[in-house]
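Observations on chain architecture
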Amino acid sequence: METETAQLLKIPADGNYGDVMVLGGGISGIQASLDLATAGYKVYLVEKSPAIGGHMSQLDKTYPTNDCSM
Amino acid sequence: MGDFQVTLNRKPRYVIEDRCTGCTTCVEYCPVEYPDQFNQEISENKAVHIFFAQAIPLIAYIDESCLYLKEKKCRICENVCKADAIDLGQKAQKMEIKVAAIVLATGYDTYDPSLKNEYGYGRMTNVVTSMDFERLLCATGPYEGEILRASDRKHPHKIAWIQCVGSRRVTPGDNSYCSAVCCSYTQKQVILTKDHDADAKLTVFHNDIRSYGKDFERYYQRAEELSDVRFIRSYTTVSREDPETKNVFVRYATADDGVQEEEFDMVVLSVGLNPPADYQGLADKFGIELTEHGFCLASPTNPIETTSPGVYVCGAFQGPMDIPESVYTASGAGTQCGELLNYRRGELTRERVYPAEKDVSQEKPKIGVFVCHCGSNIGRVVDVPSTVEYALSLPNVVYAQEQLFSCATNSAREITDTIKEKGLNRVVVAACSPRTLEPLFRDTLREAGLNQYYYDMANIREHCSWCHSKEKEESTNKAQDIIRMSVARAGHLKPLQEMDLPVNKAALVVGGGIAGMTSALSMANQGHEIHLVEKENDLGGMARRLHYTLDGLDVQGYLDGLVRQVYRHPAIHVYTNAEVTEATGYVGNFVTKLSSDRGPSEIKHGATVVAVGVDVYTPTEYLYGQDERVLTHLELEERISQGDEAVTGAQTLVMIQCVGCRNKDRNYCSRVCCSESIKNALKLKEINPEMDIYILFRDIRTYGMLEDYYREASAKDVKFIRYEPENPPQVEAAEEEGRPVLQVSLMDYVLGQELAIGADIVTLAAAVIPREDNKDISQLFKVSLGPDDFFKEAHVKLRPVDFATDGVYLCGTAHYPKHIPEAINQAYGAAGRALTLLSNDIVTVSGSVCEVAEDRCMGCGACAQVCTYGAIEFRKTKKGQKAVVNPVICKGDGLCNAKCPTGAIFLKHFTDDELLSQIDAMSATA
């Protein structure tokens with residue numbers, strides 16, 4: 001199972017080498033990481049709090065459509 | 001550049017990530033109550049807890065309030081954890097990583113109003129910040145979505161918002177800039193508060209209303225038109241608190257009634273955005289320079305590139321911005337990393353491999369049902385255990401269980417394991433809307449070797465627990481009805497295959513302005529062939545008419561350099577005087593026909609970027625076109641740059657804002673004009689300091705850092721006079737002391753009297769308007785336009801540069817008016833999104849598409865007429881004309897199904913069989 005999770009996260013087995021480090025796991029950092037990984041780069045996403053999401057996860061809804069922020 | 005060694009300090013979680021199942025038993029038993037950071041410390045949480053209900057990863061952590069960590073006592077959590085996941089001895093870990101590029105997406109911090117005594121925050125219980133209020137509004141908030149006062153846990157009915165808290169002020173501790181998001185988020189909070197309590201009496205004390213973004217103007221109107229909602233333009237202070245009721249008194253002044261004091265149940269401070277608290281530390285660590293405000297310094301021609309090579313910045317560390325900008329600057333940072341690292345693309349990543357798919361089509365359905373608590377979102381209303389029991393009683397159901405969060409990584413794994421263990425061949429997850437999580441659950445089937453279309457989602461949250469939260473018993477019954485329907489459908493599901501398509505690596509960029517060229521260059525620098533199509537004779541677009549900017553950019557110099565780069569780039573082919581005549585194909589495989597200076601061309605490309613730009617309104621107001629002393633702001637800029645003395649030598653110059661927009665015909669703000677007028681005013685003051693300049697405005701919308709220039713203009717004695725749209729200025733030719741002038745008369749609301757200004761020149765901030773041919777472009781490329789005829793993105797917040805049509809992207813002013821740095825940000829964003837497609841060899845399209853049962857098709861064409869994607873063609877057969885669906889273009893919306901008179905066309909995964917079984921199950925009682 002662990003190897004499968006590693007594949008999901010696109011982590012190669014060897015060492016701490018990556019292409020890009022993204023500092024901050026809010027909406028901007030998440031988007032940057034997803035785009036980079038989809039385009040074929042190995043990304044380290046670094047976040048200081050216990051979960052990703054940043055300020056956007058604290059918002060109830062978003063303007064101007066009142067879509068759920070979460 | 002290209003070689004960074006980063007040392008990370010991984011803080012201890014005191015919970016072993018791989019073992020924690022997120023069951024929250026430890027949280028229940030933890031004796032320590034501690035202010036919940038995520039809920040703005042309004043409510044309490046435990047020392048061990050999950051950060052928030054939908055946290056990723058969804059596992060617990062222990063914070064500094066833990067008794068063991070403080071005093072070596074307790075350890076209850078260790079004993080109650082069945083997964084043995086607590087590790088109180090965990091230490092911080094140093095971790096070295098080596099990367100070739102860095103993206104700073106640190107975000108912002110909110111302004112702390114307790115630093116200023118004047119707002120009462122921290123002293124008065126019922127004064128809250130907008131972030132506090134955001135949590136109060138939220139269903140996962142401190143009072144589970146009830147807006148309550150901390151002082152007495154009662155619903156506040158009379159609430160005031162105070163705008164610009166910490167923003168637009170030069171006093172120490174405040175920010176001089178505008179935080180750019182507060183006007184709109186306050187309007188959102190007003191609208192949502194009225195949803196919570198229709199009788200609430202709400203007041204917003206504001207300065208200028210800055211509804212400068214796409215669809216913001218209508219949003220403001222929506223908030224303002226609600227009953228018992230007042231927007232009052234006034235400076236405001238929080239004066240005192242009633243010691244008994246804890247109500248809060250606000251002092252404000254209006255032109256009509258002078259200074260007043262009013263009592264409110266609650267006051268919300270609309271706090272601004274600060275740079276991240278540790279901005280200096282970031283600057284030191286990454287070697288980047290900062291602006292005077294502590295944001296990341298970048299060039300106006302590339303706001304994503306920091307002063308440190310290989311380090312990029314996206315999101316609010318660039319400066320205050322809203323969510324869509326944070327998203328497309330992130331994609332922009334992605335493409336810039338790609339420009340740097342293209343040579344090593346794919347070397348460190350590995351493809352995900354799924355087990356081979358089993359053929360279970362001949363097996364009798366064996367359905368597994370997983371019922372999700374969604375924390376308390378479902379579990380608080382629906383009786384989940386009895387629903388699981390019920391599910392087990394349904395036909396074909398061989399297994400059912402409950403899950404706390406089915407979407408958590410461990411729960412998803414549990415579904416996969418259970419499928420294998422119990423030999424399930426169909427799965428129903430009863431949880432939330434399929435819109436967000438269906439792909440994740442389908443994945444659990446793939447992991448178990450099942451076709452992913454053997455999955456159905458029963459929405460018992462949005463369709464049940466959320467909308468009937470008060471009726472628990474009925475909600476449980478309804479949840480069971482929904483599950484019964486899903487189970488019935490699941491029995492009829494068919495395995496479907498998704499299609500892998502090759503991706504043509506070339507891209508077409510429509511529009512050769514700054515946005516189009518920037519996007520083209522970024523993609524070309526990553527080895528993609530680019531076809532850049534420009535309607536005019538020359539590249540450059542609207543920027544050809546701009547000469548200087550507030551941040552000191554020589555626009556023509558910059559533009560010339562950009563055009564040169566485009567022409568010199570071996571991978572970019574430029575087509576001028578071009579017109580798109582035909583556009584066909586689909587994601588990864590488009591074919592576009594052009595006529596241009598190169599003659600007719602047929603281009604094959606995998607992606608399309610629409611960057612067609614905008615036009616400028618030709619005013620019919622204020623004597624424009626009748627008196628040559630009346631100019632648009634673009635004409636003024638042209639004349640200034642030519643050194644025209646009729647303009648630069650004027651004694652008095654009047655600028656009128658909002659000409660042709662923010663009205664009935666164009667119900668939006670053109671975003672750029674306030675700053676453009678201030679730019680021209682400052683330029684004129686620089687050339688001729690004696691000139692009297694008046695700017696007649698409705699709201700000055702110098703959002704973000706542009707605010708500093710507004711202040712500078714005021715300091716340089718540019719006079720700003722506000723007018724109301726019902727009472728616009730009048731302009732007529734007249735004489736003043738023998739001097740021929742344009743007399744501009746208007747009501748000055750501050751002085752309370754009519755003013756008449758004798759102007760030599762009057763300039764009009766003419767609206768930025770969508771291009772006439774937007775409709776043609778939208779039809780050719782099968783993308784949509786919004787209500788104001790600007791191009792409409794796939795999702796306002798989360799997919800701001802994608803179109804709903806796959807493989808087509810959007811940037812620049814075609815999306816909405818914007819300044820040059822914003823257009824550049826967005827152009828990189830579109831390139832970044834296009835690269836996520838172009839850098840792969842294949843693209844996968846859904847198996848849930850339409851198909852035609854040929855013997856029933858009469859070839860009437862009704863289906864093709866309603867298909868917005870142009871997915872249906874007609875083919876001549878021996879039995880006459882028949883419809884054929886191109887499965888690659890079909891989006892599976894099913895419109896054609898409803899139109900087909902003979903039922904010949906059907907949507908796979910939503911066949912009559914599947915849907916009717918669901919409906920039959922609805923009417924049947926268990």
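Residues numbered from 1 in each chain as written. Chains lettered and ligands numbered in written order. Predicted model: local features only at pLDDT ≥ 70, side-chain atom pairs only at ≥ 80, totals over all residues.

**Observations concerning the overall build of chain B**
- The secondary structure content of chain B amounts to 24 helices and 46 strands.
- In terms of C-alpha radius of gyration, chain B reaches 31 Å, essentially the compact-globule figure of 29 Å for 926 residues.
- In terms of overall dimensions, chain B has a C-alpha envelope of 100 × 85 × 60 Å along the principal axes.
- Taking all 926 residues of chain B together, 48% fall into the buried category. (Helix = DSSP H or I, 4+ residues; strand = E, 2+ residues; numbered from the N terminus. Rg over C-alpha atoms; globule rule 2.2 N^0.38 Å. Buried ≥ 20, exposed ≤ 12 C-beta atoms within 10 Å, placed from the backbone.)

**Observations concerning the overall build of chain A**
- When helices and strands are counted, chain A shows two helices and four strands.
- Ordering the α and β elements of chain A from the N terminus gives α-β-α-β-β-β.
- Sorting the 70 residues of chain A into buried and exposed places 54% on the buried side.
- In chain A, the share of contacts with a sequence separation of at least 24, taken over all contacts with a separation of at least 6, comes to 38%. (Contact = placed C-beta atoms within 7 Å.)

**Re the interface of chain A and chain B**
- Counting from both sides, the interface comprises 48 residues of chain A and, opposite them, 67 residues of chain B.
- Breaking the side of chain A that touches chain B down by element, the ones donating at least two residues are helix H1 (2–8), strand E1 (20–23), helix H2 (27–38), strand E2 (43–46) and strand E3 (61–62) of chain A.
- Tallying contributions element by element places H2 of chain A first for the side of chain A that touches chain B, with eight residues.
- When the residues that make up the side of chain A that touches chain B are grouped by side-chain class, the tally is 23 nonpolar, 18 polar and seven charged. (Nonpolar A, V, L, I, M, F, W, Y, C, P; charged D, E, K, R; others polar.)

**Quick word on the sheet that holds strand E35 (residues 719–722) of chain B**
Residues and elements named next belong to chain B.
- Read from one edge to the other, the open sheet built from five strands follows the order E32-E39-E33-E34-E35, with strand pairing classed as parallel. Looking at strand neighbours, the two that pair on one side only are strand E32 (630–632) and E35, the edges of this open sheet. On average, each strand axis in the sheet is tilted by 25° relative to the strand beside it, whichever way the strands run.
- Pairing analysis gives four bridges linking strand E34 (residues 692–697) to E35, with the strands arranged parallel. Directly across from Tyr 694, in E35, lies its bridge partner Lys 719.
- Docked against the sheet, helix H16 (residues 633–642) engages E32 and strand E39 (761–766), running at close to 95° with respect to E32. (Pairing = 2+ DSSP bridges. Axes fitted to C-alpha atoms, helices over the stretch in contact; angles between N-to-C directions.)

**Focus on the sheet that holds strand E10 (residues 158–165) of chain B**
All names here are of chain B.
- Strands sit in the order E9-E16-E10-E11-E12 across an open sheet of five strands; the sheet is parallel. Edge positions in the sheet fall to strand E9 (127–129) and strand E12 (229–233), since each has one partner strand and no second. Recorded for the sheet is a direction-independent mean angle of 20° between the axes of neighbouring strands.
- Summarising the sheet, E10 and strand E16 (residues 266–271) pair through five bridges and their orientation is parallel. Directly across from Ile 162, in E16, lies its bridge partner Leu 269.

**Observations regarding the domain arrangement of chain B**
Residues and elements named next belong to chain B.
- Each assigned domain of chain B is listed here: domain 1 (4–100), domain 2 (109–274), domain 3 (367–494), domain 4 (507–613 + 771–841), domain 5 (617–768) and domain 6 (849–907).
- On a C-alpha basis, the centroid separation for the pair domain 1 and domain 3 is 29 Å.
- Domain 1 puts six residues into the contact, and the matching count from domain 3 is six residues.
- Counted by class, the side of domain 1 that touches domain 3 contains four nonpolar, two polar and no charged residues. (Domains from an automatic or database assignment.)

**With respect to the nonpolar core**
- Within the largest apolar cluster, 224 residues are counted, with the highest numbers of intra-cluster contacts made by Val 20 of chain A together with Val 103, Leu 104, Val 267, Val 609, Val 610 and Ala 834 of chain B.
- Here the element with the most residues in this core is helix H21 (residues 820–838) of chain B; it accounts for eleven residues.
- Look past the residues within four positions of Val 267 of chain B in its chain and what remains in contact with it is Asn 126, Val 127, Ala 160, Ile 162, Val 238, Val 248 and Val 250 of chain B.
- Residues Val 48, Cys 372, Leu 404 and Val 427 of chain B belong to the second largest nonpolar core, which totals 71 residues. (Core = buried A, V, L, I, M, F, W, Y, C linked by C-beta atoms within 7 Å.)

**Some thoughts on the environment of Arg 19 of chain B**
Residues and elements named next belong to chain B.
- You can see Arg 19 is positioned in the loop between strand E1 (4–10) and helix H1 (25–29).
- You can call Arg 19 partly exposed: it has 15 C-beta atoms within 10 Å.
- Placed 66 residues apart in sequence, Arg 19 and Ala 85 show a C-alpha to C-alpha distance of 5.1 Å.

**Structural notes on helix H8 (residues 323–341) of chain B**
- Here H8 of chain B is 19 residues long and its end C-alpha atoms lie 27 Å apart, about the 27 Å a rise of 1.5 Å per residue gives.
- Counted residue by residue, H8 of chain B has 17 buried out of 19 residues, so it is predominantly covered. (Expected span 1.5 Å × (residues − 1).)

**A look at the packing of H16 of chain B against helix H18 (residues 673–687) of chain B**
All names here are of chain B.
- H18 packs onto H16 with a crossing angle of 25° between their chain directions and a minimal axis gap of 11 Å. Taken together, the axes of H16 and H18 lie roughly parallel to each other. The way H16 lies across H18 gives a crossing that is left-handed. Here H16 contributes His 633, Leu 636, Glu 637 and Ile 640 to the contact with H18, which in turn contributes Cys 673, Glu 676, Ser 677, Asn 680, Lys 683 and Leu 684. (Parallel < 35°, antiparallel > 145°, perpendicular 65-115°, else oblique. Left-handed = near helix turned anticlockwise from the far one by under 90°.)

**Here we look at the packing of H8 of chain B against H21 of chain B**
Residues and elements named next belong to chain B.
- Look at H8 against H21: their axes get within 6 Å of each other, and the N-to-C directions meet at 65°. Judged by the inter-axis angle, H8 sits roughly perpendicular to H21. Note that H8 runs across H21; the crossing there is left-handed. The residues of H21 that touch H8, namely those facing Glu 325, Tyr 328, Thr 329, Ser 331, Gly 332, Gly 334, Thr 335, Gln 336 and Gly 338, are Asn 825, Gln 826, Tyr 828, Gly 829, Ala 831, Gly 832, Arg 833 and Leu 835.
- Per-class residue counts for the contact of H8 with H21 are four nonpolar, eleven polar and two charged.

**Here we look at the pairing of E16 of chain B**
All names here are of chain B.
- Counting buried positions along E16 yields six of six residues, so the element is predominantly enclosed.
- Alternating residues of E16 divide into Met 266, Val 268 and Ser 270 and Val 267, Leu 269 and Val 271, and every residue in both groups is buried.
- Where E9 and E16 come together, three bridges link them in parallel fashion. Across the sheet, Thr 129 pairs through a bridge with Leu 269, a residue of E16.

**As for the environment of Ile 27 of chain A**
- Residue placement: Ile 27 of chain A occurs in helix H2.
- Ile 27 of chain A sits 36 residues away from Tyr 63 of chain A along the chain, and the two C-alpha atoms are 15 Å apart.
- Once you skip the residues sitting within four places of it in the chain, Ile 27 of chain A turns out to touch Gly 54 and Met 56 of chain A together with Ile 323, Ser 326 and Val 327 of chain B.

**Remarks on the confidence of the model for chain B**
- Predicted confidence across chain B gives a mean pLDDT of 95, with 100% of residues reaching 70 or more.
- Of the two predicted TM-score estimates for the complex, the pTM is 0.90 and the ipTM is 0.90. (pLDDT = per-residue confidence, 0-100.)

**Let's talk about unusual backbone geometry**
- Geometrically, the link from Tyr 63 of chain A to Pro 64 of chain A is a cis peptide bond, its omega value of -5° lying close to zero.
- Looking at where Pro 64 of chain A falls in the secondary structure, it is placed in the loop between E3 and strand E4 (67–68).
- Ile 56 of chain B connects to Pro 57 of chain B through a cis peptide bond whose omega is 0°.
- Inspection of the secondary structure puts Pro 57 of chain B in the loop between strand E4 (48–50) and strand E5 (60–62).
- In this structure, Tyr 622 of chain B is a non-glycine residue whose phi angle is positive, near 55°.
- The residue Tyr 622 of chain B is located in the loop between strand E31 (614–616) and E32 in this model.
- For Cys 658 of chain B, which is not a glycine, the phi torsion comes out positive at approximately 60°.
- Mapped onto the elements of the fold, Cys 658 of chain B is located in strand E33 (residues 652–659).
- Residue Cys 658 of chain B is classed as buried on the basis of its C-beta count, with 24 C-beta atoms lying within 10 Å.

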